[in-house]
Amino acid sequence: MDLDAFTELLTPRGRRALAEAGELAGADPVVAATTLRRTYDAALTSAALTQAGLRERARAKFGADAGRMFFTPHGLEQSTRAEVAAHRARRLLDLHGARAPRVVDACCGVGGDLLALARAGCTVAAVDTDPLTVAVARANAEAFGLADRVTVTVADAADVRPEDHDVLFADPARRTGRGRTFDPLAYSPPWPVVLDLVSRARLACLKVAPGIPYEFIPEGAEAEWISYKGEVKEATLWTGSRGGRRATLLPGGHTMTATGVRAPVGAPGRFIYEPDGAAVRAHLVGEVAELVCGRLLDPMIAYVTADEPVDTPWAAAYEVDDILPFSLKRLRTALRERQIGNVTIKKRGSAVDIERLRTDLRLKGDKSMVIMLTRIADKPSVILCKPSPPA
């Protein structure tokens, strides 16, 4: 889809084509294209079907709003889930302390965060280097009646002047021509450009990959890892406020900050707790252990053990059935004796290939079990367990 084809989608005729393409969602692609071609030319047919397909895919991130939004394939992939963007907009308002801060969005993409910021009451000046992406972001602002709070222009992030705004928001692209990159120096704009923008901002909010190397986190910044329904989605770096580490769980809105507590190390108890990935990334395993009155099985591994069941959104609990030194033969025998035909395999601190192990176990039976591959007292071990019901 090019800029001309997208622009035609915004005309009355293009919107009719898009509506008809949406009604054909799930149909055979050839049938859908043939149906639309009876009324529309090839370029508009292709653009409408592409956009309808993107909207369908976007429902997982944007819910019902996806049916009114516009996307590019790359923009949808990098866009922020609506619940995460809304959380970040609320935090931005809390940290800024004003009702309507002026925000500059230095790499707006298709506008997922831009919409959340504008809905929260911010005035947003957004830029992107790609004219098609800018057109899509503008169309999204207009679709939700936010055009009076939003301006989107074609410009390079490096030319943005954060000192002219209350808040800098930046979501550098994390893809290259070879695919996704985990190196901040390969971001677009590159990390040095991002840090220069941050240095000139009163308050800055940076969306980064959850696996960002800790050495890239600016000194004095607060690093927040965000988990949605148990899956770590991203990290946000906040500068110009307080520093430290934070983990946030959505959609519940639970948040935890570092207190400096260190978890003791001790013998396995009746329960194993698997901390949420956001807490692990934020180095808050000690805080989770304190919540469940627990201890670590190994000082270097984020499995917590305790003697009593504790309900917490910060960790999944498992009741221990047995703990064995790791041995394929012994594990296979133990599972056969228990008539286990299905296993959920988890591992931390283990080099075992999970899929190969699953094949080698040759499971038979009608029962299920969770097995954890880890180290206990620096020895390879396997924990047989089952999910623990709420206490």
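Chemist: Sorry, what's going on with the sheet that holds strand 2 (residues 123-128) here?
Modeler: Strand-to-strand pairing in sheets goes through backbone hydrogen bonds, with the strands running parallel or antiparallel. Pairing is mixed in the open sheet, where 9 strands are placed in the order 3-2-1-4-7-9-8-10-11. Here the strands that pair on one side only, and so sit at the sheet edges, are strand 3 (150-154) and strand 11 (254-257). Neighbour to neighbour, the strand axes of the sheet diverge by 20° on average, direction disregarded. Pairing analysis gives 3 bridges linking strand 1 (residues 102-105) to strand 4 (residues 167-170), with the strands arranged parallel.

Chemist: Looking at this structure, how should I read the nonpolar core?
Modeler: As a rule of thumb, soluble globular proteins bury nonpolar side chains together. Core analysis: the largest hydrophobic core is formed by 54 residues, its most contacted members being F6, F71, L114, L117 and V152. Discounting chain neighbours no more than four positions away, the residues touching L114 are D105, C108, V124, A126, A141, V150 and V152. Core analysis: the second largest hydrophobic core is formed by 47 residues, V208, A221, L284 and V304 among them.

Chemist: Which parts of the structure should I look at to understand the pairing of strand 12 (residues 271-275)?
Modeler: Looking along a regular strand, one sees the side chains alternate between the two faces of the sheet. Most of strand 12 sits inside the fold, with 5 of its 5 residues counted as buried. Judged by which residues are buried, strand 12 turns out to be covered on both faces: F271, Y273 and P275 on one side and I272 and E274 on the other are all buried. Sheet topology places strand 12 next to strand 14 (residues 304-306); 3 bridges connect them, and they run antiparallel. Looking at strand 14, one finds that Y273 is bridged to V304. Bridge count for strand 12 against strand 15 (residues 315-325) is 5 bridges, and the pairing is antiparallel. Across the sheet, F271 pairs through a bridge with E319, a residue of strand 15.

Criteria and cut-off values
Residues numbered from 1 in each chain as written. Predicted model: local features only at pLDDT ≥ 70, side-chain atom pairs only at ≥ 80, totals over all residues. Heavy atoms only, no water. Pairing = 2+ DSSP bridges. Helix = DSSP H or I, 4+ residues; strand = E, 2+ residues; numbered from the N terminus. Axes fitted to C-alpha atoms, helices over the stretch in contact; angles between N-to-C directions. Core = buried A, V, L, I, M, F, W, Y, C linked by side-chain atoms within 4.5 Å. Buried < 20%, exposed > 50% of the residue type's maximum accessible area, 1.4 Å probe, protein only. Contact = heavy atoms within 4.5 Å.

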